[in-house]
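Tertiary structure, described
Residue-level listing of the chains:
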Amino acid sequence: SASDRSSADIGIVCTHKGEVRPFLKRLDRTRSYSEKKMNVRGGFLGESTRIALVEAGEGFAAHRAATELLIAEHRPSWILSVGFSSSLSEEIQPGDLVIANEISDTHVNTLPVKCSIPARKRIHVGKLIVADTHPVTPAEKQSLRERFPGLAADTGSLAVAQVCQERTIRFMALRVAVDSIEEEIPEQAASMIFHPTSRAMGSALGTLFKGLRKIAVMNQWRERSNKAASNLDRFVTGIIEQIANSIERQRLN
């Protein structure tokens, strides 16, 4: 039926395509459409695991709307919030993965998240902090950590978690750090990593023509974000395969 063709086993919410580009290359039999300024992509991972992915755009409200759209249109059993984050701990280095067992924001909201995955080398389990904007300077990151201790910061995972809790849908938040807590991300590089709208990309491209040193800096951060996306892809793929096996066992029972 048409309903069966639109349904998904696992839904993914991200901010923009750059966070999931390597993962999207894994999908087969892909389709896409746009709705309410959000891009929705669907496809198969392997032979039978159906994936629906929404690029929410920036902000808490956008991530909430994307999650509601994903549920209404595709009815996934699981939803994953994935994407880039800013480190808030000396433990979290560029390219490290953070799995949330709790998510808090800067407005006294907090939500525990069930997580059965153990921490190991370069994979950390702990609290995510959802900020109104990504902290990009050492001072901003230190200030955020002092007020709201956590491993890393993003701007949308709590919105996804809240909708999943309301709808009784299983949820995970998986983030990859693009920086260390001691580093400053230059303004144009931050636009490229966290806010890749056409306006932000135009600003970044304008910077490229202002000098060789800035070109080199931008290229370094571009490589950094590409590597982070690849690390996220490998981990998310492994998690999805585990979830898919669990879903299949439930179907057989």
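Data block above holds the structure.
The model shown is predicted, which means the values in this text are computed figures rather than measured ones.

1. With respect to the environment of Ala61
- Position of Ala61 relative to the elements: it lies in helix H3 (residues 60–74).
- When its relative accessible area of 61% is taken as the criterion, Ala61 is described as exposed.

2. A closer look at helix H6 (residues 187–194)
- Burial runs high along H6: 6 of the 8 residues are buried.
- What H6 keeps buried is the set Ala189, Ala190, Ser191, Met192, Ile193 and Phe194.

3. Quick word on the pairing of strand S1 (residues 10–14)
- Taking burial as the measure, the 5 residues of S1 include 5 buried ones, the bulk of the element.
- Side chains Ile10, Ile12 and Cys14 project from S1 onto one buried face, and the interleaved Gly11 and Val13 project onto a second face that is buried too.
- Taken together, the 5 bridges between S1 and strand S4 (residues 49–55) define a ladder with parallel strand orientation. Bridging from a neighbouring strand, Ile12 pairs with Leu53 of S4.
- Bridge analysis of S1 against strand S5 (residues 78–87) gives 4 bridges, and the strand direction is parallel. Considered in S5, the bridge of Ile10 is made with Trp78.

4. Topic: the pairing of strand S2 (residues 28–35)
- Relative to strand S3 (residues 38–45), S2 runs antiparallel, the two sharing 6 bridges. Across the sheet, Ser32 pairs through a bridge with Arg41, a residue of S3.
- Connecting the antiparallel pair S2 and S3 is a turn made up of 2 residues, with Lys36 showing a positive phi of about 55°.

5. Considerations on the side chain of Asp105
- Assignment of secondary structure puts Asp105 in strand S6 (residues 97–105).
- Within the local environment of Asp105, its side chain forms a polar contact with the backbone nitrogen of His107, the two atoms lying 2.8 Å apart.
- Separated by 3.4 Å, the side chain of Asp105 and the backbone nitrogen of Val108 make a polar contact.
- Apart from the residues lying within four places of it in its own chain, the contact partners of Asp105 are Val130, Phe148 and Leu158.

About the cut-offs
Residues numbered from 1 in each chain as written. Predicted model: local features only at pLDDT ≥ 70, side-chain atom pairs only at ≥ 80, totals over all residues. Heavy atoms only, no water. Helix = DSSP H or I, 4+ residues; strand = E, 2+ residues; numbered from the N terminus. Buried < 20%, exposed > 50% of the residue type's maximum accessible area, 1.4 Å probe, protein only. Pairing = 2+ DSSP bridges. Polar contact = N/O pair within 3.5 Å; in protein donor to acceptor, adjacent residues only side chain to side chain. Contact = heavy atoms within 4.5 Å.

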